[in-house]
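Given next are the chains, with one letter for each unit.
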Amino acid sequence: MNWYSNHLSRLSFVVVQSFLVTGLLAGCQKKETTSENNTDTQTNITKTPVTEVFSLQRGRLSSSLQIPGELIAYQQVDLYAKESSFVKKLFVDVGSEVKTGQLLVTMEAPELGSQLAGAQSNIKSREAIYLASKANYDRLHVTSQTPGTISPNDLEQAAARKNSDLAQLEAARAAYKQIAQTQNYLQIRAPFSGVITTRNVNPGAYVGPSDKGSEVPLFTLQEQQKLRLVISVPESYTGYLKQNNEVSFTVKSQPNQEFKAKIKRMAGAIDSRFRSERIEMDVINRDKKLLPGMVAEVNLPLPAQDSTFMVPKSAVVNSTESIFVIRVANNKAERVDVRTGRENEGTVEIYGDLKPGDQLLKMASDEIRNGSALQNIKTASL
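These figures come from a predicted structure and were not determined experimentally.

**Considering the overall build of the protein**
A tally of regular secondary structure across the protein gives three helices and 21 strands. Burial statistics for the protein: of 382 residues in total, 32% are counted as buried. In the protein, 75% of the contacts between residues at least 6 apart in sequence involve partners at least 24 apart. Of the accessible surface of the protein, which amounts to about 24,100 Å², a share of 50% is contributed by carbon and sulfur atoms.

As structure tokens, then:
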């Protein structure tokens, strides 16, 4: 009996302890849940989004454009033989530096010598005929001073013959001059100072005009002490360029050296194929570090001409429907369509129905609709 009473007492004690432990655990769990709810409420309050705005102001955006260009000879000419002939002697070769008027090649054409001799003989013949007709006219004219000796008709016929013979003499002289001039074409001289960059003939070669006997030129002559730097500027950037603007460029053969040039010629028209304008700059190249045909990487400065509205790139939304910024008016969002201009280091030019002092969202989004209420507005620094 005593054992049964003791066992019952122990069992009751265990049950009571179990209830106490369960109650304590439930209380702790409730306390932890309450604490978590309070933390979530504070987090939601802390995470309320901040709407950053900035005041729109005008400024000048100076940027630059990296664009490829090509160096070409300031002057270049392909030299052909004017008359069909044979190369007699060459005085220059590839790489030869020549001066204006320097003899480059001589050619020979035997038939031209025969034609020149025939023309000279014709002149002498025509001179003799003219002198005879002139002497006859002079005699008749002197005799006609005595009345009744020479009829006026005979005198007129003698004068006409004399004038005809004089005209034929002048024609013979012109023919001789033409043949002599043609013979001068058998010598080709440099039209300007430069460098021979191509030679396509050897002594004894048959040459002639480009459509008769010669498909390629005898020589190609380039002026290299002064080069042209040619670039094609896209249409949207042509308004920023002016005469004598300085540009810098580099070439692959000398990547560590920067060269300078100034804008000298602007085409003044847009190429319909590439929608660009041809721009040329003169490059002094006395040391011949640069060669015609080189590709240059040109840094083209684009200085601002007028002040424009400049905003962070994040303030401009480029959606499928339009390009816009979001203006804040009475704590509500208002979309304003704009056009964009140049960009530089995260800043972009915009044009639209805006005025200085307008408050714009710094971080605009396509998800923000017209009339949306904005909260927690804060002015941000740019």
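That was the structure; now back to the text.
**Considering helix H3 (residues 152-184)**
Here H3 contains 33 residues, and its C-alpha end-to-end distance of 48 Å stays within 8% of the 48 Å for a straight helix at 1.5 Å per residue. Those residues of H3 not exposed but buried are Leu155, Ala158, Ala159, Lys162, Asp165, Leu169, Ala172, Ile179 and Thr182. Its buried side turned inward, H3 meets helix H2 (110-143).

**A word on the nonpolar core**
Among the nonpolar cores identified, the biggest contains 24 residues, and Phe249, Leu290 and Leu300 are the most heavily contacted of them. Taken together, the elements giving at least two residues each to this core come down to strand E3 (63-79), strand E10 (219-234), strand E11 (246-251), strand E12 (254-266), strand E13 (276-284) and strand E14 (295-302).

**With respect to the packing of aromatic side chains**
Enumeration according to the criterion identifies two aromatic pairs in this entry. A centroid spacing of 5.5 Å and a plane angle of 25° characterise the contact between phenylalanine 249 and phenylalanine 259, whose relative ring orientation is stacked. One end of the pair, phenylalanine 249, is in strand E11; the other, phenylalanine 259, is in strand E12, with 10 residues separating them in the sequence. This pair shows no difference in class: phenylalanine 249 is buried, exactly as phenylalanine 259 is. The lysine or arginine in question, lysine 226, covers the ring of tyrosine 74, its NZ or CZ lying 4.5 Å from the ring centre.

**What to know about the sheet that holds strand E9 (residues 206-207)**
Overall, antiparallel pairing links the four strands, which are arranged E7-E6-E4-E9 in an open sheet. Pairing within the sheet leaves two strands with one partner each, and these edge strands are strand E7 (187-189) and E9. Sheet topology note: the strand E4 (residues 85-90)/E9 ladder contains two bridges and is antiparallel. Within E9, the residue paired with phenylalanine 86 across the bridge is tyrosine 206.

**Description of the environment of alanine 205**
Secondary-structure assignment places alanine 205 in the loop between strand E8 (194-199) and E9. Taking relative accessible area as the criterion, alanine 205 reaches 23% and is therefore assigned partly exposed. Considered as a pair, alanine 205 and lysine 88 are 117 residues apart in the sequence and their alpha carbons are 8.3 Å apart. When neighbours within four sequence positions are excluded, alanine 205 is seen to be in contact with Ser85, Phe86 and Val87.

**Topic: the pattern of salt bridges**
Taken as a whole and judged by the stated rule, the model has 18 salt bridges. In this structure, glutamate 97 engages lysine 288 in a salt bridge whose closest nitrogen and oxygen atoms are separated by 2.4 Å. Here glutamate 97, found in strand E5 (residues 97-98), pairs with lysine 288, found in the loop between E13 and E14; they are 191 residues apart in sequence, far enough to count as distant. Overall, glutamate 97 belongs to the exposed group, its relative accessible area being 55%.

**Here's the deal with the side chain of serine 133**
Structurally, serine 133 can be placed in helix H2. Among the polar contacts made by the side chain of serine 133, one reaches the main-chain carbonyl oxygen of tyrosine 130 at a distance of 2.9 Å. In this structure the side chain of serine 133 is engaged in a polar contact, spanning 2.8 Å, whose partner is the side chain of aspartate 165.

**Things to note about the packing of H2 against H3**
Angle between the axes and distance between the axes are the two parameters that describe a pair of packed helices. Running from N to C, H2 and H3 cross one another at 160°; their axes reach a closest spacing of 8 Å. As judged from the angle between their axes, H2 and H3 are roughly antiparallel. The crossing of H2 and H3 is left-handed. Partitioning the contact of H2 with H3 into residue classes produces 17 nonpolar, 10 polar and eight charged.

**Details of the pairing of strand E6 (residues 103-108)**
Of all six residues that make up E6, five are buried, and the element is covered over most of its length. Note that E4 and E6 share four bridges and pair antiparallel. Within E6, the residue paired with lysine 89 across the bridge is threonine 106. Bridge count between E6 and E7: three bridges; the pairing is antiparallel. Along E7, the bridge assignment pairs threonine 106 with glutamine 187.

**Digging into the pairing of E11**
Pairing of E11 with E12 involves five bridges; the strand directions are antiparallel. Across the sheet, the residue bridging to valine 251 is glutamine 254, located in E12. Relative to E14, E11 is paired through four bridges, and the arrangement is antiparallel. Note that in E14 the partner of threonine 250 across the bridge is glutamate 297.

**Considering the confidence of the model for the protein**
On average, the protein scores 83 in pLDDT, and the residues at 70 or more come to 85%. Predicted confidence is poor over residues 21-36, with pLDDT under 50, and the contacts of this stretch with residues over four places away or in other chains come to zero contacts. Counting interchain partners and residues more than four positions distant, the pLDDT-below-50 stretch residues 39-46 has zero contacts.

**What about the side chain of arginine 228?**
Assignment of secondary structure puts arginine 228 in strand E10. Within the local environment of arginine 228, its side chain forms a polar contact with the side chain of glutamate 280, the two groups lying 2.8 Å apart. Ignoring any residue separated from it by four or fewer positions in sequence, one finds arginine 228 in contact with Glu70, Leu71, Ile72, Ala73, Tyr74, Arg265, Glu280 and Met281.

What counts and how
Residues numbered from 1 in each chain as written. Predicted model: local features only at pLDDT ≥ 70, side-chain atom pairs only at ≥ 80, totals over all residues. Heavy atoms only, no water. Helix = DSSP H or I, 4+ residues; strand = E, 2+ residues; numbered from the N terminus. Buried < 20%, exposed > 50% of the residue type's maximum accessible area, 1.4 Å probe, protein only. Contact = heavy atoms within 4.5 Å. Areas by Shrake-Rupley, 256 points an atom, 1.4 Å probe, with all protein chains shown as cover. Expected span 1.5 Å × (residues − 1). Core = buried A, V, L, I, M, F, W, Y, C linked by side-chain atoms within 4.5 Å. Phe/Tyr/Trp six-rings, centres within 6.5 Å; stacked < 30°, edge-to-face > 60°. Lys NZ or Arg CZ within 6 Å of the ring centre and 35° of its normal. Pairing = 2+ DSSP bridges. Salt bridge = Lys/Arg side-chain N within 4 Å of Asp/Glu carboxyl O. Polar contact = N/O pair within 3.5 Å; in protein donor to acceptor, adjacent residues only side chain to side chain. Axes fitted to C-alpha atoms, helices over the stretch in contact; angles between N-to-C directions. Parallel < 35°, antiparallel > 145°, perpendicular 65-115°, else oblique. Left-handed = near helix turned anticlockwise from the far one by under 90°. Nonpolar A, V, L, I, M, F, W, Y, C, P; charged D, E, K, R; others polar. pLDDT = per-residue confidence, 0-100.

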